[in-house]
Every structure is written in C-alpha cells, then in structure tokens.
Amino acid sequence: MPEAWWKERVFYQIYPRSFQNSNGDGIGDLRGIISRLDYLKSLGVGAVWLCPVYDSPNADMGYDIRDYEKIMAEFGTMEDFDELLREMHSRDIKLVMDLVVNHSSDEHRWFVESRSSRENPYRDYYIWRDGKDGREPNNWASFFTPSAWSYDEGTGQWYLHLFSEKQPDLNWENPSVREEVYSMINRWFDRGVDGFRMDVITVIAKAPGLPDGKGAPGAGGYVFSPEHFAFQPKLHEYLREMRRRCFDGRDCMCVGETSFVNTENANSLVGDGRELDLLFQFDLMDMDGEGSKWNAIPLDVPKLKRIVAAWQGAIDWNTLFLGNHDQPRVVSRFGDTSSEELWKRSAKCLATLMYLQRGTPFIYQGEELGMTNAPFETREQLRDVEELNLLALCSSEAELEWAWRGIKAKGRDNARTPMQWSAGKNADFTTGEPWIMLNPNYTDINAEAEEGDPDSILNYYRALIALRNSTPALLRGDWRELLPESGQVVAYTRGLDGEEYAVLCNLSRESAPLPCRLGDFGEPVLSNMPADPAAEALRPYEAQVLKKG
Ligand code: TEU
C-alpha cells in the first residue's frame, strides 16, 4: 500500500541562486532550473525543495522576503515560475516552496508601514518595545548580530530580530499577521505548489513578557535565549491553526525547519499529523561544533550512531539529509578528500548510510557530484551575512584566525558556490560573472565528467535512489540497528514482509572488523567497492547493502 507521496519520493534541494543561470547575469534563475529538470529526472528524484525565490533585497540571500507573492527579479517572472511548475509536474516532480514567516525583510511594505508611526495599523505586525534605561528591552542575542534588537529613531522604540537587523520578526500573536500568512499560503497552493518547507518555524511564538535570558553572555554581553523563543506554548496553537486553514483537505506536505527540536519534543510536532508532516532535526549537523558551530571538531562515529539510533527510535518517519544551504559540504566535513579514491568512496559511504534509513531523503544540490568545501581566502570572496558578521565582530588577529578556521570548515558559502555542470567556462553555470566564486576543482568534479564514469559518485547516487525507489523494505520497512558495539561501522537492517536488507558502512579510514563473514549478511545488491563474501572486515569507507537470502 503506497504511503503519502512525501514518504515515497526522494527530495532534491535547489539553492536557485547557484543552480543554473540562463541569461548571463551570473545569478541562477528559474529558467535555468527548467533547463536542468531532465537531469533531476535522470537522478530519480520525485520532489524538489526550492529555496526562497520571492522578491528580496538579499540581505540573507532570499530569507528576507520583501514580497511573498512576487518573484525575485534576478530569478525571473511569475510566468517563469508557472512554467517551471508545469515542467516539473509534467515530469512527475513535486514542488515544495521554502517559506520564511518567522520574519520578513525590513523592506516589506508591512514593516515600512509599521515603522512609520506607533499608531500605524501595521505597527503590531512586528514586535516593538520601549527600551530599558536607554538599553534594549531585554538581553537576547540574535543568530547573526550581538543583540536581537535594533533601535528605530523614528518612533523611539526597539524592534526584535532573531536574525539580522534587516529581518524583523513578525508578531504571530497578532491574528491579522496569521490571517495574512494563511491566505498567502493558500494562494500559492491554488497556484499549484505541492507543499512548504517552513523556515525556523519553531521560533514563531515568543515567551510572554520577553524575559531576559539567564545563559552565558556572548558578544556584547547579550545572551542567546532559545528557552524564551523556541517551542513556546502558543507554537502548537499556531501550527494546528495553520494546518486547519491551509493544509487540511489538500494532497500536500509541510516540513518544518524545527530548530531546537529534540527526541523528546519531536512528536509534539509530527506525532498526530495535526501540525507538521516532517521535521528537520539538527543533532547530526550540530555534532561537530564544540560550544559553537565555528569550533569544528572531528567526526565522532559512535556519537553519530547514537544520534541515528535515537532519531530512528524517536519518531516514526524522519527526514534524512547530509547537508543543505546552511551547512558545509558533507564529503569535506564527514568524508575524506585526501585522495580521489577515498573522496569517491567516502561520499558514497555517507550517502548509503543516510539515505537507506527509514525516512524521506533530502539531497542537497551538488552533493551527488561529491562537491567539496571551497577554498575561500578573503573577505571579498564571502557573500553570507552570518560569515561576514562573524568577521566584523573580531577585534584581534587571534579572533580573526579563529573565525577564518571556522568559516573554512563550516561556513555556509561552502554550500553556495555554483553547481559544477562541466569543466567548461564557469562550469557551464553562467556565461557571465558568477555572483560568488566557483570552486576551482570544477574542472575535475562536474556532472559532465561523472555522467560518463560508471564508478562516479553521480552514478552511485542514481543506483542508490533507484534501489530505494524499487524496494518496499527500503521504502517502508522497519529499522533495526546492527553492530551497535562497533566504533567505525554504521550498520542497520530494513525489513518488511519477510524481506530484509543489511546496510553496513565503515565510516572510518581504517579497516573495520566484522563479527562474521560479509557473505553471512546476505547477497550484495549495492556496494561502493566489490564485495568479498569471505571478508571478515570492511575496508576504509566500504559500504555494502546486502539482501538476506
Ligand atoms: O536557518 C535557521 C538557522 O538557524 C540557521 O541560521 C542555521 O542555524 C545557521 O545558519 C547554522 O549556522 C534558516 C535558513 O535555513 C537560513 O538560511 C536563514 O539564514 C535563517 O533561517 C534565517 O531565515
């Protein structure tokens, strides 16, 4: 019995600014995506998560929306969007839009009105407060700036922004705000989109009274205080209302970027289908940062295994991802790029251990090519507000060195360099000047070269996706951990109606012992290197999928 389409299909995340440019202006656009839909179809993906394409001043690359119902000029027109949707649907590819409704751009007409006077009808669309003794209303830090408040001289009050000062938080306590959001969502649904990825949806409700945080002060003495703006009581009220007003009765899906979710509170969001269908948790994405994402530490395989097992046990259906537009390139982060052989093998190993788990896979553009972190060296090469603000806060050489180490390892621009389509000019991304530098390794790592290589990462992703799409046990089966005691091998079985598959992945650069011969796990159906049934160990980064006889 087929499950909901968003369980059966593999998703592909497109960061439109860097996917494919069609008009030579160096910025990816909708017509560029249209020209690459057959490539997506050839991968075997059945749905796309499209990062924001709405009108925006791009203070945060589209996550600062100026008009929710207008296409960003650099990306094209609404007619281009309608054609993209038609072309996707004609290939049986669903389209899920990225929606940012925790905040808007400060250039959105609502905020322009809101800041114009304290009496303006839009004033309470945002969160305005009087200062305290000339200071901010509370001590909250933001994700991107020391304080989460900015002072508006015009009306003599402060406004809240959990992200940059150009991303004022919407006031979800105001029913007019909720009505505006719901009617906008419904108009996009009526246009034919198939669902939404909800940006930082777990922070839309704030604690009554906006109390000071009690944690350790950070830059400027401000305190990052998610205990007062994440998973607040009214969050579930708003999500249930959104479900009733927008999603009920439609064959659609809603996946939340659920910052601060954990295995204890996850089912409060996805357990009864009355709020979100899927959630993105970040335990894996946060595991290699000691105290802060910028303090990169090496991969801890036992910790990764504990996280995988915890989430497979915590909720019935997970999202499965190795990266996104906010994360560094996974093969640089958790794989091994010290040689071509290990680069290839480790990229395939990571994909195998992730995408055959129980849940919906979300592949991030370029991951299927094994794209790596880029060699950023200067501030001028960077584009991301989070990185640039980090550098701006540094007041010593030592701090700058620390920040650059963090940016090179974990900066978001690593995932935002242009797709590498060929070894040709600008990797065939654009005929113009790219908006951000290409990774110079595009001459070696590119789709065209990998199309022709049967052993390429690209062709392995195709085989992996095809295996998942055609195997009920891998689509809908249960998940059980294997070899929990191994410190190197991520292993599990998937079983359904008597069929069972074993997935064994040695996520280390050393040989990993097995408790029995490889052949005892079954017949190999997918491998990143030739299987030896008599082997009693997995070679470095060896991945094997075996069907039990
Ligand atoms: O990200 C939310 C978020 O918390 C990110 O800031 C992430 O934690 C951080 O970048 C990791 O270092 C969403 C979007 O995915 C991100 O691109 C936006 O910048 C952010 O919200 C604000 O809209």
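Placed above this text is the structure.
Rules behind the numbers
- Residues numbered from 1 in each chain as written.
- Predicted model: local features only at pLDDT ≥ 70, side-chain atom pairs only at ≥ 80, totals over all residues.
- Heavy atoms only, no water.
- Helix = DSSP H or I, 4+ residues; strand = E, 2+ residues; numbered from the N terminus.
- Rg over C-alpha atoms; globule rule 2.2 N^0.38 Å.
- Buried < 20%, exposed > 50% of the residue type's maximum accessible area, 1.4 Å probe, protein only.
- Contact = heavy atoms within 4.5 Å.
- Areas by Shrake-Rupley, 256 points an atom, 1.4 Å probe, with all protein chains shown as cover.
- Lys, Arg positive; Asp, Glu negative; His and termini not counted.
- Charge placed at Lys NZ, Arg CZ, Asp CG, Glu CD.
- Near = heavy atom within 4 Å.
- Polar contact = N/O pair within 3.5 Å; in protein donor to acceptor, adjacent residues only side chain to side chain.
- Nonpolar A, V, L, I, M, F, W, Y, C, P; charged D, E, K, R; others polar.
- Salt bridge = Lys/Arg side-chain N within 4 Å of Asp/Glu carboxyl O.
- Pairing = 2+ DSSP bridges.
- Axes fitted to C-alpha atoms, helices over the stretch in contact; angles between N-to-C directions.
- Parallel < 35°, antiparallel > 145°, perpendicular 65-115°, else oblique.
- Left-handed = near helix turned anticlockwise from the far one by under 90°.
- Phe/Tyr/Trp six-rings, centres within 6.5 Å; stacked < 30°, edge-to-face > 60°.
- Lys NZ or Arg CZ within 6 Å of the ring centre and 35° of its normal.
- Right-handed = clockwise from strand over helix to strand, strands pointing away.

A. Expanded view of the overall build of the chain. When helices and strands are tallied, the chain shows 16 helices and 20 strands. At 23 Å, the chain has a C-alpha radius of gyration in line with the 24 Å of a compact globule built from 549 residues. Seen along its three principal axes, the alpha-carbon backbone of the chain occupies a region of about 75 × 50 × 50 Å. Taking all 549 residues of the chain together, 62% fall into the buried category. Pairs at least 24 residues apart make up 68% of the contacts formed inside the chain by residues separated by at least 6 positions. Of the roughly 20100 Å² that the chain leaves accessible, carbon and sulfur atoms contribute 50%. Here the chain carries 60 positive and 88 negative side-chain charges, and the mean point of each set is 2 Å from the other.

B. Up close: the site of the ligand. Around the ligand, the structure places 17 residues, and the nearest of them are Asp60, Asp199, Lys293, Asp326 and Arg412. A distance of 2.5 Å separates an oxygen atom of the ligand from a polar atom in the side chain of Asp60. His325 has a polar side-chain atom sitting 3.0 Å from an oxygen atom of the ligand. Contact with the protein chains hides 91% of the accessible area of the ligand, taken as 490 Å² for the molecule alone. A per-class count over the shell around the ligand returns 5 nonpolar, 3 polar and 9 charged.

C. The pattern of salt bridges, seen in detail. According to the stated counting rule, one finds 50 salt bridges in the structure shown. Close ionic contact of Asp60 with Arg412 constitutes a salt bridge, the shortest N to O distance being 3.1 Å. Taken together, the residues span a long stretch of sequence, with Asp60 in the loop between strand E3 (54-55) and strand E4 (67-71) and Arg412 in the loop between helix H13 (397-410) and helix H14 (447-451) at a distance of 352 residues. The residues Asp60 and Arg412 share a single accessibility class, namely buried. For Glu500, the salt bridge is made with Lys548, and the minimal N-O distance between the two is 3.4 Å.

D. Examining the sheet that holds strand E6 (residues 128-129) more closely. Here we have 3 strands laid out as an open sheet, ordered E6-E8-E7, and antiparallel in their pairing. With partners counted over all chains shown, the strands left at the sheet margins are E6 and strand E7 (149-152), one partner each. Bridge count for E7 against strand E8 (residues 157-160) is 4 bridges, and the pairing is antiparallel. What sits directly across from Tyr151, in E8, is Trp158.

E. How the structure looks around the sheet that holds strand E5 (residues 94-99). Sheet architecture is open: 8 strands sit in the order E11-E10-E9-E5-E2-E1-E13-E12, paired in parallel fashion. The sheet is open, and its two edges are formed by strand E11 (278-280) and strand E12 (318-321), each paired on a single side. Across this sheet, the average inter-strand angle for adjacent strands is 25°, counted without regard to direction. With 4 bridges joining them, strand E2 (residues 47-50) and E5 adopt parallel strand pairing. Bridging from a neighbouring strand, Val48 pairs with Leu95 of E5.

F. The arrangement of the environment of Phe260 in detail. Checked against the element boundaries, Phe260 lands in the loop between strand E10 (253-257) and helix H8 (267-270). With 188 residues separating them in the primary sequence, Phe260 and Met72 have C-alpha atoms 30 Å apart. The contact partners of Phe260, leaving out residues within four places of it in the chain, are Phe143, Val203, Phe224, Pro226, Phe229, Ala230, Phe231 and Asn265.

G. Main features of the side chain of Arg91. As for its position among the elements, Arg91 is in the loop between helix H4 (78-90) and E5. For Arg91, a relative accessible area of 19% translates into the label buried. Sequence-distant contacts of Arg91, defined by excluding residues within four places in its chain, comprise Leu37, Asp38 and Lys41.

H. Quick look at helix H12 (residues 385-392). Along H12, the residues classified as buried are Val385, Glu386, Glu387, Leu390 and Leu391. For H12, the elements touching its buried residues are H13.

I. Just the packing of helix H11 (residues 340-355) against helix H15 (residues 457-470), in detail. At a minimum axis distance of 10 Å, the contact between H11 and H15 shows a crossing angle of 20°. On the basis of their axis angle, the class for H11 and H15 is roughly parallel. Taken as a pair, H11 and H15 cross one another with a handedness that is right-handed. Across the interface between the two elements, Trp343, Lys344, Ala347, Lys348, Ala351, Thr352 and Tyr355 from H11 touch Ile457, Tyr460, Tyr461, Leu464 and Arg468 from H15. When grouped by side-chain class, the residues that make up the contact of H11 with H15 number 8 nonpolar, 1 polar and 3 charged.

J. Structural detail: the packing of aromatic side chains. Per the counting criterion, the structure on display carries 36 aromatic pairs. For the ring pair Phe111 and Tyr159, a centre distance of 4.9 Å and an interplane angle of 70° mean the geometry is edge-to-face. Taken together, the residues Phe111 in helix H5 (residues 109-114) and Tyr159 in strand E8 connect sequence positions 48 residues apart. Accessibility classification places Phe111 together with Tyr159 in one group, the buried group. Clustering of aromatic rings is evident, with ring pairs tying together Trp5, Phe11, Trp49, Phe280, Phe282, Phe321 and Phe362. The cationic tip of Arg17 hangs over the ring face of Trp435; the distance from NZ or CZ to the ring centre is 4.9 Å. For the cation-ring pair, Lys293 lies above Trp294, with the distance from its terminal atom to the ring centre recorded as 4.5 Å.

K. Looking closely at the pairing of strand E9 (residues 195-198). Of the two faces of E9, both are covered, the one formed by Gly195 and Arg197 as well as the one formed by Phe196 and Met198. As paired strands, E9 and E10 are joined by 4 bridges and run parallel to one another. The partner of Met198 across the bridge, within E10, is Gly256. Considered for its hand, the β-α-β crossover made up of E9, helix H7 (residues 234-247) and E10 is right-handed.

Treat this as a map of the structure, not an account of what it does.
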